[in-house]
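Structure at a glance
Below, each chain spelled out in residue letters.
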Amino acid sequence: MSSPLPGRNPVSWDRLPSEIRLLIFQALMQDGCRLGRLATVSRAWKADLERYNFARIRLTPSRLKDFPSMICRNRGFVRYIWFCLELDEYDCTQCAPKPRRLPNEEYEAAMTVNDTEHCPITTAFLGLFSILSTWDQGSNLVLDISIYSPSDAQHWFPYLTFIPDTPSNRLKGSRRPKQTTIAGFRHQAPPSISVSKVFHTVMEEGPFESEQLEFQWWDQLPSVPAVTSVLLRQQNRRRWRPIALAHMLALHYEPWREWCSFQRDTDKQYLSLFESIVRCHRSCPLKRLVVFENFNQQYPVFMQRFRFGDDLSCCDSIRKPAPAVGRMVALTSLPLEHLAAFFIVDASHFFAIESSWEWPNLTSLVLTSRFLTPDENSTTEIDTLLQAAAAAALKMPRLETMEIWNGRKRLAALFQYRASRSLHQAKILWRGTWKWCMVPSVFEAWEAVELVDEAAIQSHGDALHHLMLSGQVIRPISLQQIQREQKALEGVEAL
């Protein structure tokens, strides 16, 4: 073995910053090295690799029984758990079940979402919460919940991916989901029943006889103080009842809009959800809440059924938020530091507030509004909206950023207010696919105007990418999946 060069001291592994050691491991793994082999290099490497390996864990119901013993020694390293509720696979006879051709029992069985591959969903959650209830409160654990069937991506929706969340600081350079060749898809839209199947409500057919009993069941689950953030990302197309989410501490929630008249019922459930959040967190208020209601402009084409000019499905081309939900979200946000709510509420409803309401802690507010469009009739509505936003900002003494945006195919717009309180300066910015000038009553002079190419906007996902909002409004992986779906559906009619 050769001796070190004169005058040079070899740098020991322990002296390297942890970030550098992690980069070395990542580079070796990209070259095809297996973690098992790397762990045999030295005790120091083994210790660092354990910290890396156990930081992010994929957990399924079948592994719950052995999970405590598996991570007993390294539990302190765990920062992220992806809890995968994998449903049974199904074949072509069940990918788009037709109620008129099947007995009620068979149709219900084809649509039901009650059990995972190994156990009932209720058993899985009880087991998970029982385990996590024993963890230390300072664990800062992120719980990411996904529910899907592997067959979802094998029939009408081959562009779907089911992957773990990737933090934004690790997304750059990471491997993207494997691209799928979708031969012939652009020439045949999926039947509406296949859309309904992948968006079916979890535990709608049981085991609970009423929503109140389901609410009570979630309420009696063990407390999990170690969990500081729960992710329910847009790749979860199957719907959780909103009433359950307050007890799951859903701080980052990406539901999908409804595709039928059920939207009115879902909005009522959203009211109950936010009321429950207020009640459940009085003693320990939330600091951050993100709700991104996702949609796809092609899906109304699949779902709408016209007869004599009337849409029997009641599927609006553009979502119409309920004013009551916007008001309830505003009330829920009073103790928050950060709120982002998209498409589930309209900013105009949010700012219709009580004169006594104040947001003493709020530093960041991001909302959407369907009034941000280039239509001639929208000019007055935009002026009124921004004046209401300014009035609300006066009740937010710590506000640093307020953003109101809108996005869909061929349309993107952003109004942004940013304040630097230490410098006693504020900046207003407009960015969009069309020029728009504020009237003096809203703001006397522009500080920045930037145009976006409308041809580049094929979906609300593209709008998010080009508008460059200041804060995180959706998980980076979710944004990739939205853009991937839009690319797969290129050429399909959109509303």
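Structure: above.
This text gives an overview of the structure that appears in the document. For clarity, every value in this text was computed on a predicted model and none was experimentally measured.

**Comments concerning the overall build of the protein**
The number of helices and strands found in the protein is 17 helices and 14 strands. Looking at the protein residue by residue over its 495 residues, the buried ones come to 49%. In the protein, the share of contacts with a sequence separation of at least 24, taken over all contacts with a separation of at least 6, comes to 70%.

**Section: the pairing of strand 4 (residues 227-232)**
Across the six residues that make up strand 4, a large majority, five, are buried. Where strand 3 (residues 141-148) and strand 4 come together, four bridges link them in parallel fashion. Residue pairing across strands places D144 opposite L231, the latter belonging to strand 4. Inspection of the sheet shows strand 4 paired to strand 5 (residues 252-253) by two bridges, in the parallel sense.

**A look at unusual backbone geometry**
Positive phi is not limited to glycine here, since F343 has a value of about 70 degrees. Here F343 lies in the loop between strand 9 (338-342) and helix 14 (347-350). Taking the relative accessible area as the measure of exposure, F343 reaches 11% and is therefore buried. Although it is not a glycine, R410 adopts a positive phi angle of roughly 70 degrees. Under the relative-accessibility criterion, R410 is labelled partly exposed at 42%.

**A look at helix 15 (residues 378-393)**
If you check helix 15, its first and last C-alpha atoms are 22 Å apart, about what 16 residues at 1.5 Å a residue would give, namely 22 Å. Here helix 15 has its buried residues at S378, I382, D383, L385, L386, A389 and A392. Those residues of helix 15 that are buried lie in contact with helix 14, strand 11 (401-408) and strand 12 (411-420).

**Side note on the pattern of salt bridges**
Enumeration over the complete set of coordinates arrives at eleven salt bridges. E214 is paired through a salt bridge with R241; the nearest N and O atoms lie 2.9 Å apart. With E214 in helix 9 (residues 211-219) and R241 in the loop between strand 4 and helix 10 (242-245), this residue pair connects regions lying 27 residues apart in the sequence.

**Things to note about the environment of M402**
As for its position among the elements, M402 is in strand 11. Contacts of M402, omitting those with residues within four sequence positions, involve F351, L365, A389, A393, M396, F415, Q416 and Y417.

**Here's the deal with the packing of helix 1 (residues 18-30) against helix 3 (residues 43-53)**
Two elements in contact, helix 1 and helix 3, have axes separated by 11 Å at closest approach and are oriented at 85 degrees. With respect to helix 3, the element helix 1 is oriented roughly perpendicular. Facing R21, L22, F25, Q26, L28 and M29 of helix 1, the residues of helix 3 in contact are W45, D48, L49 and Y52. Of the residues belonging to the contact of helix 1 with helix 3, the class tally is seven nonpolar, one polar and two charged.

**As for the packing of aromatic side chains**
Applying the stated rule across the entire model yields 19 aromatic pairs. Between F350 and F351 the ring centres are 5.4 Å apart and the planes differ by 90 degrees, which places this aromatic pair in the edge-to-face class. We note that F350, like F351, is buried. One aromatic cluster is present, built from ring pairs that chain together F83, F125, F129, F208, W217, W218 and W240. The aromatic ring of Y80 is capped on one face by R56, whose charged end is 4.1 Å from the ring centroid.

**Overview of the nonpolar core**
Membership of the largest hydrophobic core comes to 83 residues, with the highest contact counts inside it found for W135, W240, F274 and F351. A total of seven residues in this core trace back to one element, the largest contributor, which is helix 6 (residues 121-132). In this view, W240 contacts L85, I121, F125, I145, I147, V202, W218, L232, L245 and Y253; residues no more than four positions away in its chain are not counted. One finds C84, A96, W259 and W405 within the second-largest nonpolar core, a separate group that totals 40 residues.

About the cut-offs
- Residues numbered from 1 in each chain as written.
- Predicted model: local features only at pLDDT ≥ 70, side-chain atom pairs only at ≥ 80, totals over all residues.
- Heavy atoms only, no water.
- Helix = DSSP H or I, 4+ residues; strand = E, 2+ residues; numbered from the N terminus.
- Buried < 20%, exposed > 50% of the residue type's maximum accessible area, 1.4 Å probe, protein only.
- Contact = heavy atoms within 4.5 Å.
- Pairing = 2+ DSSP bridges.
- Expected span 1.5 Å × (residues − 1).
- Salt bridge = Lys/Arg side-chain N within 4 Å of Asp/Glu carboxyl O.
- Axes fitted to C-alpha atoms, helices over the stretch in contact; angles between N-to-C directions.
- Parallel < 35°, antiparallel > 145°, perpendicular 65-115°, else oblique.
- Nonpolar A, V, L, I, M, F, W, Y, C, P; charged D, E, K, R; others polar.
- Phe/Tyr/Trp six-rings, centres within 6.5 Å; stacked < 30°, edge-to-face > 60°.
- Lys NZ or Arg CZ within 6 Å of the ring centre and 35° of its normal.
- Core = buried A, V, L, I, M, F, W, Y, C linked by side-chain atoms within 4.5 Å.

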